[in-house]
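Geometric and topological summary
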Amino acid sequence: EDQVTQSPEALRLQEGESSSLNCSYTVSGLRGLFWYRQDPGKGPEFLFTLYSAGEEKEKERLKATLTKKESFLHITAPKPEDSATYLCAVQGGSSNYKLTFGKGTLLTVNP
Amino acid sequence: EAQVTQNPRYLITVTGKKLTVTCSQNMNHEYMSWYRQDPGLGLRQIYYSMNVEVTDKGDVPEGYKVSRKEKRNFPLILESPSPNQTSLYFCASSLSGQVNTGELFFGEGSRLTVL
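Remember, predicted model here, so these are calculated numbers, not experimental data.

1. Description of the nonpolar core
Of all hydrophobic cores here, the largest spans 23 residues; its most connected members are A:Leu33, A:Trp35, A:Leu73 and A:Tyr86. If you list the elements that add at least two residues to this core, you get β2 (10-14), β3 (19-26), β4 (30-38), β5 (45-50), β7 (62-66), β8 (70-75), β9 (84-92) and β11 (105-110) of chain A. Tallying contributions element by element places β9(A) first for this core, with four residues. Listed in part, the 19 residues of the second largest apolar core include B:Val21, B:Cys23, B:Val60 and B:Leu112.

Here you go:
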């Protein structure tokens with residue numbers, strides 16, 4: 001069974017203070033690892049797909065990286081508008097196209 | 001504007017009173033799915049559909065039904081709701097069931113309370 005563990009559960013940063021969120025996963029034959037952002041009271045919003053170890057994707061202040069066991073979401077010089085819950089999900093080769101989500105990291109960026 | 005539309009957004013009902021949460025997407029997506037989100041448990045898949053007339057169970061299908069008669073619509077039916085189905089429900093879609101299934105567009109959510 002596919003498993004996803006995200007850490008920390010919550011992270012509080014000052015504006016401009018860079019940091020990383022972790023997503024550890026166990027999956028049989030990774031088809032893809034996905035990052036989402038979720039604002040309070042809203043549906044998750046797709047950010048990135050990573051397919052293989054060594055791959056990196058960037059969008060504004062966010063960069064996602066992937067190894068064989070974990071993914072990191074690096075946030076460089078965050079702003080208050082980056083405050084949200086960040087979700088990681090994996091799709092395994094034996095999962096019949098099912099996504100398994102982690103519980104998320106609640107990021108708060110203070111001005 | 002590309003979107004996934006769910007209705008109702010908020011609903012309070014009583015145990016045993018059948019209800020339907022509608023979901024419609026305007027992107028001609030093949031793949032659609034229903035999730036529930038509960039504190040401490042994260043997002044869990046209820047049912048999904050790879051295409052019209054093709055549906056399958058997710059992780060927590062008990063107490064729910066779905067149908068996919070048209071490509072754009074994927075309603076979630078609670079035949080006899082119970083309090084443990086109180087949750088925040090999300091409908092989601094993606095372009096293809098085989099490729100990039102994880103690149104989902106989510107609706108705004110439907111908050112259901114069963115008394």
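That was the structure; now back to the text.
2. Things to note about the interface of chain A and chain B
Contact residues are listed per partner, giving 18 residues for chain A and 24 residues for chain B. Both sides together, the interface formed by chain A and chain B hides about 1700 Å², and carbon and sulfur atoms give 50% of it. At the junction of chain A with chain B, the criterion picks out one salt bridge. Note that B:Glu108 and A:Lys42 form a salt bridge whose closest N and O atoms lie 4.0 Å from each other. Counting the contacts that link chain A with chain B gives five residue pairs in polar contact (both at pLDDT 80 or more). Here the side of chain A that touches chain B takes three residues from β4(A), the largest share from any one element. Counted by class, the side of chain A that touches chain B contains nine nonpolar, six polar and three charged residues.

Cut-off values and rules
Each residue is numbered by its place in its chain's sequence as written, counting from 1. Key to labels: chains lettered from A, ligands numbered from 1, both in the order written. Per-residue local features of the predicted model are confined to residues with pLDDT of at least 70, and side-chain atom pairs are confined, for both listing and counting, to 80 or more; whole-chain, interface and lining totals are unaffected and use all residues. With hydrogens and water excluded, all non-hydrogen atoms of the structure serve as input to the side-chain values. For our purposes a nonpolar core is just a set of buried Ala, Val, Leu, Ile, Met, Phe, Trp, Tyr and Cys residues, chained together by side-chain atoms within 4.5 Å. Partly exposed describes any residue whose relative accessible area lies between the buried limit of under 20% and the exposed limit of over 50%, with all areas from a 1.4 Å probe on protein chains only and scaled to the type maximum. Secondary structure elements follow DSSP: runs of H or I of four or more residues count as helices, runs of E of two or more count as strands, with numbering from the N terminus. Only heavy atoms enter the contact rule, under which two residues are in contact if any of them lie within 4.5 Å. Summed over both partners, the accessible surface that disappears when two parts come together, traced with a 1.4 Å probe, is what is meant by buried area. Only one rule defines a salt bridge in this text: a Lys or Arg side-chain nitrogen within 4 Å of an Asp or Glu carboxyl oxygen. Pairing of N or O atoms within 3.5 Å defines a polar contact, subject to two protein rules: one partner must be a possible hydrogen donor and the other a possible acceptor, and residues neighboring in sequence count only if both atoms are side-chain atoms. Three categories are distinguished: nonpolar for Ala, Val, Leu, Ile, Met, Phe, Trp, Tyr, Cys and Pro, charged for Asp, Glu, Lys and Arg, and polar for the others, with Gly belonging to the last.

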